[in-house]
Amino acid sequence: MTAGPISPEGIEKILAVTRALALPFDLETLLGTIAAVACDVLHAERSSVWLHDSAAGELVLDVASDLRGVRLPIGTGLVGACARDRAPINVPDCYADPRFDREVDQRSGFHTRCSVTLPLVDPRGELLGVMQVLNRAGGPFDRSDLQLAEAVAAQCALALSRTRMTEALIAGERMRRELELAQVVQRSTLPQLLPRVAGYDLHATFLPASLTGGDTYDIATLPQGLLLVLGDAAGHGIAPALSVTQMHAMLRMALRLGADLETAFVQVNDQLAQTLSDGRFVTAFIGLLDLESHRIRYLSGGQGPILHFRALTRDCVRHTSTSFPMGAMPIVTLKPPVSIELAPGDILALLTDGVYEYEDPAGEQYGVERVARFLVAHHGEAVAPLAAALLDDVQAFAGGRIQEDDITMVLVKREPAG
């Protein structure tokens, strides 16, 4: 029997962890932060981080208040078993478990009662290390604690992977390598392959104006429905790229932990409001498509217009945002989500300002009306060639003028009947 969705309080804790670990850290500071947040979230006495030395096939204790540099072979002790099997281990009585290695306790003078041990694995599947949390206040860790610990470990692994990559890349030509890193981090949040959804044609285009952009998108199947995200941070470059990456990570985590659309939107917005510096914000469309009713429920923080081509009437309906840009301020009252039903042949078009505000040599913008007319004229095409043709039309309109803003498009088309 598996544990149910994490409570709103648990989701809020995980988002706080995501926000805390999104800050730039050197490796030593990051490891200390990981240990501290793990203890705080799980109400534990101690947490340690063991880093994987792949060349030696060992784990090295890098974070503990009284011991450093202890080495364990893969497979030795609870930590080594966790690294070998890459699976969490929850032990209510460590001294009763034959896998428990008492040597660390003997050297430190600490007495371990219970523990939860989790692998830290990067998005490519490589083992980074192991996190171990000891002695929960009030007794052994339960299934809810383990679920919360796994979410913490996932965020810690992402932060650790990012920090290691950062330290490797910024040695040398600092600015160029920071830009390259931001691009890698940002693009790593974008879906590599779009899901295949029966009865729907899906497409996304991401074209940053510089090496890194302030846009992001997501299309993913979740228990709540098909997730559709389009985000745009003010400006382009490193800072906006990290802003949308942070928003994207927190949103994915909240929804995959079972939050509904409204809860995820409010909690991510409020975390961004605490994190982003003055004058920085993210406009974002966040929608969930029910594949049975073909109805999209969405909330939009400053992202618009949202275009809905209706095949029956051969026209485009414009929908506006439901609130101010995300991160601008905490949400006190949330307007209800907007609902859009997609009939056969209908298209939902989510485009960032880079399309609408692309200017020709005279300074005239491409504009919403041209996009709407283009959708009406080309609605019979599949969405991938439609997107490519729209981009060609925008660039032809620009007459060779350099792209000054990021361009991102998410197109969702319900297949025509028959």
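See the structure shown above.
Keep in mind it's a predicted model, so treat the numbers as computed, not measured. Counting restarts for each chain, with residues numbered from 1 along the sequence as it is written. It should be noted that, the model being predicted, local features are given only for residues of pLDDT at least 70 and side-chain atom pairs only at 80 or more, the latter also being counted only at that level, while totals for whole chains, interfaces and linings use all residues. Calculated side-chain values reflect all of the structure's heavy atoms, with hydrogen atoms and water omitted.

## Regarding the overall build of the chain
Turning to step 1, where the next piece is worked out: In DSSP terms, a helix is any run of H or I states spanning at least four residues, a strand is any run of E spanning at least two, and both are numbered starting from the N terminus. Helix and strand counts for the chain come out as eleven helices and 16 strands.
Turning to step 2, where the next piece is worked out: The contact definition used throughout considers only heavy atoms, calling two residues in contact when any of these lie within 4.5 Å. Contacts in the chain between residues far apart in sequence, at least 24 positions, make up 66% of those at least 6 positions apart.

## Remarks on the packing of helix H10 (residues 367–378) against helix H11 (residues 383–398)
Turning to step 1, where the next piece is worked out: With axes taken as lines fitted to C-alpha atoms, and helix axes fitted only over the stretch in contact, angles between N-to-C directions fall between 0 and 180 degrees. Viewed as axis vectors pointing N to C, H10 and H11 meet at an angle of 140°, and their least axial separation amounts to 11 Å. As far as their axial angle goes, H11 and H10 are oblique. The interaxial crossing formed by H10 with H11 has right-handed handedness. Residues Arg370, Phe374, Leu375 and His378 of H10 touch H11, and the partners they reach there are Leu386, Ala389, Leu390, Asp393 and Phe397. When an angle is under 35 degrees it counts as roughly parallel; over 145 it counts as roughly antiparallel; between 65 and 115 it counts as roughly perpendicular; any other value is oblique. In this scheme, a crossing is called left-handed if the near helix is turned counterclockwise away from the far one by less than a right angle; it is called right-handed if the turn is clockwise.

## A look at the sheet that holds strand E7 (residues 200–207)
Turning to step 1, where the next piece is worked out: Read across the sheet, five strands follow the order E7-E16-E15-E12-E13 without closing on themselves; strand pairing throughout is antiparallel. Taken across any chain shown, the strands that pair with only one partner, and hence form the sheet edges, are E7 and strand E13 (315–319). Within this sheet the neighbouring strands show an average axis-to-axis angle of 15°, counted without direction. For two strands to count as paired, DSSP must find a minimum of two bridges between them.

## A look at the packing of aromatic side chains
Turning to step 1, where the next piece is worked out: The criterion for an aromatic pair is that two Phe, Tyr or Trp rings (for Trp, the six-membered ring) have centres within 6.5 Å, with stacked assigned to planes under 30 degrees apart, edge-to-face to planes over 60 apart and tilted to the rest. Overall, the coordinates contain three aromatic pairs when judged by the stated rule.
Turning to step 2, where the next piece is worked out: Taking 5.1 Å as the distance between ring centres and 55° as the angle between the ring planes, the aromatic pair formed by tyrosine 95 and phenylalanine 100 counts as tilted.
Turning to step 3, where the next piece is worked out: Note on tyrosine 95: relative accessible area 27%, which makes it partly exposed.
Turning to step 4, where the next piece is worked out: Of the residues examined, phenylalanine 100 reaches a relative accessible area of 14% and is grouped as buried.
Turning to step 5, where the next piece is worked out: Summarising the aromatic geometry, the rings of tyrosine 366 and phenylalanine 397 are spaced 5.4 Å apart at their centres and angled 80° between planes, so their arrangement reads as edge-to-face. Note that tyrosine 366 is positioned in the loop between helix H9 (353–356) and H10 and phenylalanine 397 in helix H11, a separation of 31 residues in sequence. Each residue gets one of three labels from its accessible area relative to the maximum for its type: buried under 20%, exposed over 50%, partly exposed in between, using a 1.4 Å probe on protein chains only.

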